[in-house]
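Listed below are the residues making up each chain.
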Amino acid sequence: MDELHDLHGLPRPRGLHGMDHRIVSALRACGADPRVAGAARALSLAGEHGAVWLVAGLAGAVVDRPRRGAWLRGTALTAGAHAAGSVVKRVVRRPRPTHVEPLVGTVGRHSFPSSHATSAAAAAVAFGALGARAVPPLAAAVCVSRLVAGVHYPSDVAAGAVLGALTARLGARWMTGGPA
């Protein structure tokens, strides 16, 4: 094996794609620890279709009655961001990493952008604006879980996070009841 080929004798990707491969390989290796693998699986499952964020938003609406409307609009923004990520994914059609063994199954075979990261970042921005301090670190953990699980490249996660954060930020005035 030389430095231009991987363990399977295939050419190593270069540039950003090569860096994506190396980072996902390194983080997926962390999943060899059963505790890390279990956490990655649980976070990936919780983030599927934005479920954890939808539940959090609805719970916020129930608990924080004076700001119920803001919580519901933040939940709608999060769901909308997730949907936008899914649409972009169908357009771009980037394949998921195949050079690592995934820890979790996936709904689809396309990778860019990460819908988990899109909904997580949208929730972090929207619910963070409402004072939900636990959401941003949990959102970051969901994003990292996709790399440890070996089902996304870092650029997928970064693009999803940017899309989600922008979606929530653009809807912030609407969410808090101000003019759109």
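A quick note: this is a predicted structure, and the numbers were derived from the prediction, not measured.

Chemist: What is the right way to look at the overall build of the protein in this model?
Modeler: A tally of helices and strands in the protein yields 8 helices and 0 strands. Each helix and strand of the protein, ordered N terminal to C terminal, gives the series α-α-α-α-α-α-α-α. Out of the 180 residues in the protein, the part that is buried amounts to 42%. Within the protein, residue pairs in contact and separated by at least 24 positions form 74% of the contacts whose partners lie at least 6 positions apart. A total of about 9400 Å² of accessible surface is found on the protein, and carbon and sulfur atoms cover 67% of it.

Chemist: So what exactly am I meant to see when it comes to the environment of Arg41 here?
Modeler: Here Arg41 is to be found in helix α2 (residues 34–47). Taking the C-alpha atoms as reference, Arg41 lies 9.0 Å from Val148; in sequence the two are 107 residues apart. Beyond its immediate sequence surroundings of up to four residues, Arg41 is in contact with Leu103 and Val104.

Chemist: I'm lost on unusual backbone geometry in this one. Help?
Modeler: Most of the time, phi is negative for any residue but glycine, and the peptide bond is trans. For the bond running from Phe112 to Pro113, omega is -5°, close enough to zero to count as cis. Summarising the element assignment, Pro113 is placed in the loop between α4 (68–92) and α5 (115–129). Backbone geometry places His49, a non-glycine residue, at a positive phi of 60°. Here His49 lies in the loop between α2 and α3 (51–63).

Chemist: How should I be thinking about the nonpolar core in this particular structure?
Modeler: Nonpolar side chains in soluble globular proteins tend to be buried together. In this structure, Trp53, Trp71, Ala120, Phe127 and Val135 are the most contacted members of the largest nonpolar core, which totals 24 residues. Elements with a contribution of two residues or more to this core: α3, α4, α5, α6 (135–148) and α7 (154–170). Take this core: its biggest share by element is 7 residues, from α5. Beyond its immediate stretch of four places on either side in the chain, Trp53 contacts Thr78, Ser119, Ala120, Ala123, Phe127, Val135, Leu138, Ala139 and Val142.

Chemist: So what exactly am I meant to see when it comes to the environment of Met19 here?
Modeler: Here Met19 shows up in helix α1 (residues 15–30). For Met19, a relative accessible area of 43% translates into the label partly exposed.

Chemist: Is there a simple way to explain the side chain of Thr75 in this structure?
Modeler: Following the sequence through the fold, Thr75 ends up in helix α4. A distance of 2.8 Å separates a polar side-chain atom of Thr75 from the backbone oxygen of Trp71. For Thr75, the residues in contact, after removing those within four places along its chain, are Leu54, Gly57, Leu58 and Phe127.

Chemist: Even after reading the chapter, I still don't get the pattern of salt bridges, so can you show me in this structure?
Modeler: Opposite charge on two side chains allows them to pair when their charged atoms are near. Across all of its chains, the model carries 4 salt bridges by this definition. The closest approach of N and O atoms between Arg67 and Asp64, which form a salt bridge, is 2.7 Å. Among the residues examined, Arg67 registers a relative accessible area of 34% and is labelled partly exposed. Relative accessible area serves as the criterion here: at 15%, Asp64 is assigned to the buried category. Overlapping salt bridges bring together Asp20, Arg94 and Asp156 as one network.

Chemist: Help me understand the packing of α4 against α7, please; the structure alone is not making it clear to me.
Modeler: Between α4 and α7, the shortest axis-to-axis distance is 9 Å and the interhelical angle comes to 140°. Classified by the angle their axes make, α4 and α7 are oblique. Considering only the axes of α4 and α7, their crossing is right-handed. The residues of α7 that touch α4, namely those facing Leu77, Ala81, Ala84, Gly85 and Val88, are Leu163, Gly164, Thr167 and Ala168. Its residues assigned to classes, the contact of α4 with α7 shows 6 nonpolar, 3 polar and no charged.

Reading guide: rules and limits
- All residue numbers here refer to positions counted from 1 along the written sequence of the relevant chain.
- Reporting in this predicted model follows two pLDDT cut-offs: at least 70 for local features of residues, and 80 or more for side-chain atom pairs to be given and counted; totals over whole chains, interfaces and linings ignore these cut-offs and use all residues.
- By convention in this description, side-chain values take in all heavy atoms of the structure and omit both hydrogens and water.
- Each helix corresponds to a stretch of at least 4 residues labelled H or I by DSSP, and each strand to a stretch of at least 2 residues labelled E; elements are numbered beginning at the N terminus.
- Throughout this description, buried means an accessible area under 20% of the type-specific maximum (1.4 Å probe, protein chains only), exposed means over 50%, and partly exposed covers the range between.
- Contacts are assigned to residue pairs with any non-hydrogen atoms lying within 4.5 Å of each other.
- Using a 1.4 Å probe, accessible areas were evaluated by the Shrake-Rupley method; residue-level cover was limited to the displayed protein chains.
- As used in this record, nonpolar core signifies buried Ala, Val, Leu, Ile, Met, Phe, Trp, Tyr and Cys residues forming a set joined through side-chain atoms within 4.5 Å.
- Definition of a polar contact: a pair of N or O atoms within 3.5 Å, with one able to donate and the other able to accept a hydrogen when the atoms are protein atoms, and with sequence-neighbouring residues admitted only if both atoms are side-chain atoms.
- Should a side-chain nitrogen of Lys or Arg be within 4 Å of a carboxyl oxygen of Asp or Glu, the pair is scored as a salt bridge.
- To get an axis, a line is fitted to the C-alpha atoms, and for a helix only the part in contact is used. The angle between two axes follows their N-to-C directions and goes from 0 to 180 degrees.
- Angle categories are assigned with fixed cut-offs, so that under 35 degrees is roughly parallel, over 145 is roughly antiparallel, 65 to 115 is roughly perpendicular, and the rest are oblique.
- The handedness criterion is simple: a crossing whose near helix is rotated anticlockwise from the far helix by less than a right angle is left-handed, and one whose near helix is rotated clockwise is right-handed.
- Charged means Asp, Glu, Lys or Arg here, nonpolar means Ala, Val, Leu, Ile, Met, Phe, Trp, Tyr, Cys or Pro, and polar covers whatever is left, Gly included.

So yeah, pure geometry; function would need other evidence.
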